[in-house]
Amino acid sequence: MKHIGQLKKWPLIILLAVLFGVGAATTSVMANTQYMTVKADTVNVRLGPGLAYGIMGQVKSGNQLTIIGAKNSWYQVRLAGNRIGWVASWLVDQSEAATTRAKVATVNQPVNVREYASQDAKQLGSLNAGVSVKVVYQEGNWTQIAYNNTAAWITSSSIQLTGKTTNLAQPAQANLTQTQSNPSLKVTTNTTTNLRNAAGINAPVVEKLDKGTELTVIKQQDDWYQVTAPDGKTGFVASWTVSAPNDGQTKKAATKLSEATIVLDPGHGGSDTGAIANDGSDYEKTYTLKTADLVANALRAAGANVIMTRTTDKFVDLAPRPATANNAHADAFISFHFDSSPSKNSASGFTTYYYSSKKDLPLAKSINRALTGLPLKNRGVAFGNFEVLRDNNQPAILNEMGYINNDKDFKYIKDPTYQSKIATDIVNGLNAYFKAGNHQ
Ligand SMILES: [Zn+2]
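Residues numbered from 1 in each chain as written. Predicted model: local features only at pLDDT ≥ 70, side-chain atom pairs only at ≥ 80, totals over all residues. Heavy atoms only, no water.

Draft legend 1. Quick peek at the environment of Ile-159. With respect to the helices and strands, Ile-159 occurs in strand β14 (residues 159-167). Along the backbone, Ile-159 and Ser-132 are 27 residues apart, and their C-alpha atoms lie at a distance of 9.0 Å. Ignoring anything within four residues of it in the chain, the contact list for Ile-159 reads Ala-105, Thr-106, Val-107, Asn-108, Val-133, Val-135, Gln-138, Thr-143 and Ile-154. (Helix = DSSP H or I, 4+ residues; strand = E, 2+ residues; numbered from the N terminus. Contact = heavy atoms within 4.5 Å.)

Draft legend 2. Layout of the packing of aromatic side chains. All told, the structure shown has 6 aromatic pairs when counted by the stated rule. On the numbers, 5.3 Å between centres and 90° between planes, the contact of Tyr-353 with Phe-386 is edge-to-face. Taken together, the residues span a long stretch of sequence, with Tyr-353 in strand β25 (residues 350-354) and Phe-386 in the loop between β26 (378-383) and α5 (387-390) at a distance of 33 residues. For the pair Tyr-353 and Phe-386, one class covers both residues: buried. What links up through ring pairs into an aromatic cluster is the set Tyr-354, Tyr-355 and Phe-383. (Phe/Tyr/Trp six-rings, centres within 6.5 Å; stacked < 30°, edge-to-face > 60°. Buried < 20%, exposed > 50% of the residue type's maximum accessible area, 1.4 Å probe, protein only.)

Draft legend 3. Looking closely at the sheet that holds strand β24 (residues 332-339). If you trace the 6 strands from one edge of the open sheet to the other, you get β23-β22-β24-β27-β25-β26, paired in mixed fashion. Where the open sheet ends on each side, the last strands, each with one partner, are β23 (305-308) and β26. This sheet shows a mean twist of 20° between the axes of neighbouring strands, independent of strand direction. Where strand β22 (residues 261-266) meets β23, 4 bridges bridge the pair, whose relative direction is parallel. Across the sheet, the residue bridging to Leu-264 is Met-308, located in β23. (Pairing = 2+ DSSP bridges. Axes fitted to C-alpha atoms, helices over the stretch in contact; angles between N-to-C directions.)

Draft legend 4. Layout of helix α4 (residues 361-370). Across the 10 residues that make up α4, a large majority, 7, are buried. Residues of α4 that are buried: Leu-361, Leu-363, Ala-364, Ser-366, Ile-367, Asn-368 and Ala-370. Those residues of α4 that are buried are in contact with β24, β25, β26, β27 (396-403) and α7 (416-436).

What follows is the structure, given as structure tokens:
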């Protein structure tokens with residue numbers, strides 16, 4: 001681990017194209033499926049219900065989105081690939097034609113009903129052969145059905161589609177139909193800012209706005225708001241110069257894993273190999289990524305939104321890693337490393353590091369406590385002055401999951417069974433962390 005912090009300070013690299021894998025649905029999926037059609041040219045899909053959240057992708061005019069939740073003036077939507085994100089309600093139109101229709105299927109063999117699309121997910125009940133179900137969504141081996149006023153998952157092979165469709169129950173609340181009223185979002189300038197006549201920092205200035213000026217949002221265009229100022233003038237302000245009144249609420253931390261955004265940080269990468277195994281040809285960077293990939297899969301199966309600081313063998317400097325967590329308002333940042341001792345085979349075991357005893361320690365304890373039954377010694381929780389923790393505003397920990405220059409440890413480090421066990425334990429640790437209510 002001593003290589004951490006020794007890297008040159010490169011200019012901050014902006015992490016583009018944060019890739020999201022297939023994420024399983026969250027529990028907040030409503031049986032009353034509603035659809036929206038994108039009406040703005042391009043709409044940003046964000047990580048949370050507010051302009052302060054990072055952008056996870058974009059959808060184009062005419063695209064249809066499945067709405068699975070609503071908060072303030074934002075809709076939680078399901079995108080292609082079963083990804084979950086948020087769009088501003090004033091940028092989409094409700095499509096009545098497609099609302100609340102479900103496919104009818106018959107169960108052809110007894111099947112367990114699960115909370116998420118995973119055999120490891122909590123079992124909510126079971127269905128017998130011959131029972132009719134309403135299919136909300138299908139992807140590969142998993143089918144989402146309406147179940148006890150919520151949505152749940154069963155294996156696709158256990159049902160037969162009848163070819164018929166039916167209505168799902170009408171939504172209990174009519175708040176999703178209020179889009180025509182175009183809820184007026186107000187934002188407040190958090191600094192002296194320019195009102196410009198187009199979205200862009202080079203656009204001519206209409207007027208200067210004092211700090212604390214309340215503006216009415218007409219629409220959002222990328223990272224710009226088109227607004228009306230108190231004097232009636234309209235123009236554009238950069239989203240980073242204003243704060244939305246709901247920001248305080250919407251940044252509220254997740255209370256369960258399925259609502260959470262978790263940033264995983266596979267240590268090193270590319271030209272930065274990290275520590276080297278005793279064979280001289282195996283690098284730490286390889287196993288941090290393999291382990292983090294398995295953790296990402298397990299977290300996504302549990303419904304979490306996972307962001308990786310790297311997904312390939314490429315160099316990523318230290319500074320952008322905590323920045324990724326900060327920008328995403330992540331609920332947790334988990335870094336993976338493998339230790340190295342000054343002389344071969346002289347140390348063994350894994351350690352969970354934290355920097356802030358207030359912000360990070362509860363997470364470190366929950367995760368470390370969940371790392372059970374591993375073949376290596378648990379060296380416990382320890383303070384670690386690492387940049388990826390120090391510069392992190394979000395709860396952050398760094399796991400050194402064994403000594404790569406110990407032959408016994410390395411035998412496990414490169415074993416997918418060991419890596420998978422870590423993944424399972426991290427999910428359990430995060431569940432315990434959210435359940436304990438330490439997270440705020
Ligand atoms: Zn390392």
